[in-house]
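# Tertiary structure, described
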Amino acid sequence: MSDNNQNDEPVSEPRQDGPAGSDDHGHRAEAALTPWQVVSSTLASAFGVQSSRNRERDFRRGRPSHFIFAGIVFTVLFVLGLVFVVRLILSAAA
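Throughout this description, residue numbers start from 1 for each chain and increase along the sequence as written. For a predicted model such as this one, the threshold for reporting local features is a pLDDT of at least 70, and the threshold for listing and counting side-chain atom pairs is 80 or more; totals across whole chains, interfaces and linings nevertheless cover every residue. Side-chain numbers here rest on the full set of heavy atoms in the structure, without hydrogens or water.

This brings us to the overall build of the protein. The helix count covers DSSP runs of H or I at least four residues long, the strand count covers runs of E at least two residues long, and both are numbered beginning at the N terminus. In terms of helices and strands, the protein carries 3 helices and 0 strands. Secondary structure elements in the protein, listed N-terminal to C-terminal, are α-α-α. The classification of residues rests on relative accessible area computed with a 1.4 Å probe and restricted to protein chains. Under 20% of the type maximum is buried, over 50% is exposed, and intermediate values are partly exposed. The burial tally for the protein puts 11% of its 94 residues in the buried class. Across the protein, the fraction of contacts at a sequence separation of at least 24, relative to all contacts at a separation of at least 6, is 58%. We get accessible surface area from the Shrake-Rupley algorithm with a probe of 1.4 Å; when it comes to residues, only the shown protein chains can shield them. Of the accessible surface of the protein, which amounts to about 8500 Å², a share of 60% is contributed by carbon and sulfur atoms. By definition in these notes, contact holds between two residues if any of their heavy atoms fall within 4.5 Å.

Relative orientation of the contacting elements helix 1 (residues 35-46) and helix 3 (residues 64-93) amounts to 60°, with a least axis distance of 10 Å. In this view, helix 1 runs oblique relative to helix 3, as classed from their interaxial angle. Judged by the twist between their axes, the crossing of helix 1 over helix 3 is right-handed. Between helix 1, through Val38, Ser41, Thr42, Leu43 and Ala46, and helix 3, the contact on the second element is made entirely by His66, Phe67, Ala70, Gly71 and Phe74. Put simply, Ala, Val, Leu, Ile, Met, Phe, Trp, Tyr, Cys and Pro go in the nonpolar bin, Asp, Glu, Lys and Arg in the charged bin, and everything else, Gly too, in the polar bin. Residue composition of the contact of helix 1 with helix 3, grouped by class: 6 nonpolar, 4 polar and no charged. Lines are fitted to the C-alpha atoms to define the axes, a helix being fitted only along its stretch in contact, and any angle between axes, read from their N-to-C directions, falls within 0 to 180 degrees. We call two directions roughly parallel when the angle between them is under 35 degrees, roughly antiparallel when it is over 145, roughly perpendicular when it lies between 65 and 115, and oblique otherwise. Helix crossings are classified by the rotation of the near helix relative to the far one: an anticlockwise turn of less than a right angle makes the crossing left-handed, while a clockwise turn makes it right-handed.

Side-chain rings of Phe, Tyr and Trp (the six-membered ring for Trp) are treated as a pair once their centres are within 6.5 Å; stacked means planes under 30 degrees apart, edge-to-face means over 60, and tilted covers the remaining angles. Counted under the stated rule, the structure contains 2 aromatic pairs. Ring centres of Phe47 and Phe74 lie 6.0 Å apart, and the angle between their planes is 80°; on these two criteria the pair is classed as edge-to-face. On the criterion of sequence distance, the pair formed by Phe47 in the loop between helix 1 and helix 2 (52-61) and Phe74 in helix 3 is long-range, its members being 27 residues apart. Following the ring pairs from residue to residue traces out a cluster consisting of Phe47, Phe74 and Phe78.

Position of Asp58 among the secondary structure elements: in helix 2. Here Gln50 takes part through its side chain, which lies 2.9 Å from a polar atom of the side chain of Asp58. Residues within four places of Asp58 in sequence aside, it is in contact with Leu33, Ser41, Gln50 and Phe67. Whenever two N or O atoms come within 3.5 Å, that pair is a polar contact, provided that in protein one can donate a hydrogen and the other can accept it, and provided that, for residues adjacent in sequence, both atoms are side-chain atoms.

We now examine the pattern of salt bridges. We count a salt bridge whenever a side-chain nitrogen from Lys or Arg sits within 4 Å of a carboxyl oxygen from Asp or Glu. All told, the structure shown has 1 salt bridge when counted by the stated rule. The closest approach of N and O atoms between Asp58 and Arg57, which form a salt bridge, is 3.0 Å. One exposure class covers both Asp58 and Arg57, and it is buried.

Structure, rendered in structure tokens:
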């Protein structure tokens, strides 16, 4: 026997990872959405003008909990705004 410690099994080479921040499939990991992107997507979708590009970005990079929270906050603010406008109009009419 020699000191080289040769085996009949092939030696696997060390795994070469892709670029920093890539996943197992070699895709670049995308950063999470910024708060402004979540707010703008929530407003756009509430009024029905969300672009398909942004919608796809939201599904790919966004977290559902962020959009649920933003939607609830938007709904509460929208209802409070309506109540304020109605009270303002009713007080001016009186």
